[in-house]
Amino acid sequence: MKQFIHKSMAVFMAAVVLMTTMSFTVDMHYCGDNLVDFSFIQSAKTCGMEKVQATKGREKPMLSEKSCCSDEQMVKQGQDDLKTSFDTLSFEQQTFIAAFTYSYIKLFEGTASTDVSYKDYPPPFVKRDVQVLHQTFLI
């Protein structure tokens, strides 16, 4: 169970690093207020309304109508620099990191004393056997 948790956490952290460093683009095509198509890999397919608007413009050149279609592109830039230098941190941040590291290391140090405080005291004398007295036995 413990190995499964460690492996799943490692996969989760690798996925987080991958998603924060990866750049991607989403192309979207709207016809009016309706989303017609979107694509992560290539440009989004159009609905064909641009061709209809272009032919109307040739027949009647005096009328210039604005197209109802629009293309949008969302770009998410990934993070390039993953390593933060210790010199770029402020003095308070450096102090916190130093104190946290010192206290974390001291947390796992063992104590030097091996004294057992209860070694000289005998256990209390049992006057009666309680299990036999109350007839309660573990089976």
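Keep in mind that what you see is a predicted model, and the values were worked out from it rather than measured. (Residues numbered from 1 in each chain as written. Predicted model: local features only at pLDDT ≥ 70, side-chain atom pairs only at ≥ 80, totals over all residues. Heavy atoms only, no water.)

Colleague: Before we go on, may I ask you to explain the packing of aromatic side chains in this structure?
Modeller: How two aromatic rings sit relative to each other is set out by the distance from centre to centre and by the angle between their planes. Summed over the entire model, instances satisfying the criterion amount to four aromatic pairs. Their ring planes at 85° and their centres at 5.9 Å tell us that F38 and F40 sit as a pair that is edge-to-face. What makes F38 partly exposed here is its relative accessible area of 46%. Ring plane angle 20° and centroid distance 6.1 Å describe the contact between F96 and F100, whose orientation is recorded as stacked. Of this pair, F96 and F100 both sit in helix α3 (residues 91-107), four residues apart, which is roughly one turn of that helix. (Phe/Tyr/Trp six-rings, centres within 6.5 Å; stacked < 30°, edge-to-face > 60°. Buried < 20%, exposed > 50% of the residue type's maximum accessible area, 1.4 Å probe, protein only. Helix = DSSP H or I, 4+ residues; strand = E, 2+ residues; numbered from the N terminus.)

Colleague: Can you help me understand the sheet that holds strand β2 (residues 34-39) in this one?
Modeller: Whenever strands of a sheet pair, they do so through backbone hydrogen bonds, lying parallel or antiparallel. Taken in spatial order, the three strands of this open sheet run β2-β1-β3, and their pairing is antiparallel. The open sheet has two edge strands, β2 and β3 (69-76), and neither has a second partner. The mean angle between the axes of side-by-side strands here comes to 20°, regardless of whether they run parallel or antiparallel. Inspection of the sheet shows strand β1 (residues 24-31) paired to β2 by five bridges, in the antiparallel sense. Bridge pairing in β2 links Y30 to L35. (Pairing = 2+ DSSP bridges. Axes fitted to C-alpha atoms, helices over the stretch in contact; angles between N-to-C directions.)

Colleague: Please clarify how the confidence of the model for the protein should be interpreted in this entry.
Modeller: Regions with low pLDDT should not have their predicted coordinates read in detail. Per-residue confidence for the protein averages 80 on the pLDDT scale, and 84% of its residues sit at or above 70. Confidence, expressed as mean pLDDT per element, reaches its minimum in the protein at helix α2 (residues 49-59) with 57 and its maximum at α3 with 91. (pLDDT = per-residue confidence, 0-100.)

Colleague: I tried to follow the side chain of S39 on my own but got confused; where do I start?
Modeller: Locating S39 in the fold gives a position in strand β2. For S39, the side chain forms a polar contact with the main-chain oxygen of Q42, separated by 2.8 Å. Excluding residues that lie within four positions of it along the chain, S39 makes contacts with T25, V26, D27 and A44. (Polar contact = N/O pair within 3.5 Å; in protein donor to acceptor, adjacent residues only side chain to side chain. Contact = heavy atoms within 4.5 Å.)

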